Amino acid sequence: MNEEMRLVRLTEDYVFKSFDCGEKDLNEFLLFDSKDYLKRLVSVTYIIETDERIVAFFSVSNDRVSIADSDKATWRKIKKLFPHTKHRSDYPAVKIGRLGVDIHYKGQHIGSDILSFLKRLFVTNNRTGCVFITVDALRNAVPFYMNNGFLLLDKSFAEDESKDTCPLYYDLFQLIH
Ligand SMILES: CC(C)(COP(=O)(O)OP(=O)(O)OC[C@H]1O[C@@H](n2cnc3c(N)ncnc32)[C@H](O)[C@@H]1OP(=O)(O)O)[C@@H](O)C(=O)NCCC(=O)NCCS
């Protein structure tokens, strides 16, 4: 991110500027749905903008990582992250519901900067417990998340090409230990 760019939290009176991340569904979510989701407390959207256009946006909601979302081997791995007395069938998480970088700004590490920002945000003065960041990544974005330390939650999705998205998780505990 450079000095011209600023991060703003979407408000109901925000005036949208030009934006195209190359994924129609994501563009339309920002333009037509993000304010309703905000109003109904379903997700909060953050925008990185310049005076002229929107550079990127992301939306986050509360989530959980549960035994039902994971393949058996991954769940065993997740359980090992916690002492035996803290084993549960789910753990608190925050979900990246949507994330898009404008096509003019791709490949400039803005997406990675957003992930670093989120990782820090949820381990700094956190108001609630949150162990993981989750995302149902579009198939072509899976390498982007894996480059940023995310792991597959259910390997069967990665192997099944009929699935459009693939669940991944990031363990926030590694940032503080
Ligand atoms: C996926 C997306 C968010 C990445 O943002 P970005 O700012 O271009 O990504 P970065 O520049 O931070 O890339 C980080 C790394 O991931 C790699 N990467 C990014 N997108 C990739 C892709 N589609 N396939 C493979 N690798 C990718 C980059 O090469 C880079 O690797 P490097 O660190 O070795 O140079 C952006 O391309 C986008 O908005 N795509 C369309 C919408 C989308 O798919 N969103 C995700 C929905 S879950």
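Criteria and thresholds
Residues numbered from 1 in each chain as written. Predicted model: local features only at pLDDT ≥ 70, side-chain atom pairs only at ≥ 80, totals over all residues. Heavy atoms only, no water. Near = heavy atom within 4 Å. Polar contact = N/O pair within 3.5 Å; in protein donor to acceptor, adjacent residues only side chain to side chain. Areas by Shrake-Rupley, 256 points an atom, 1.4 Å probe, with all protein chains shown as cover. Helix = DSSP H or I, 4+ residues; strand = E, 2+ residues; numbered from the N terminus. Nonpolar A, V, L, I, M, F, W, Y, C, P; charged D, E, K, R; others polar.

When you look at the site of the ligand in this model, what are you seeing that I'm missing?
As a matter of local geometry, the ligand sits amid 21 residues, with Leu 99, Val 101, His 109, Gly 111 and Ser 112 nearest to it. Residue His 109 places a main-chain N or O atom 2.8 Å away from an oxygen atom belonging to the ligand. Between Gly 111 and the ligand, the recorded distance is 2.8 Å, taken from a backbone N or O atom to an oxygen atom. Protein contact buries 71% of the 900 Å² of open area that the ligand shows by itself. Elements supplying a minimum of two residues to the shell around the ligand: strand S4 (90-101), helix H3 (110-121), strand S5 (132-138) and helix H4 (142-147). Counting residues per element, the shell around the ligand draws most heavily on H4, which supplies four residues. Here the residues of the shell around the ligand are counted per class, giving 11 nonpolar, eight polar and two charged.

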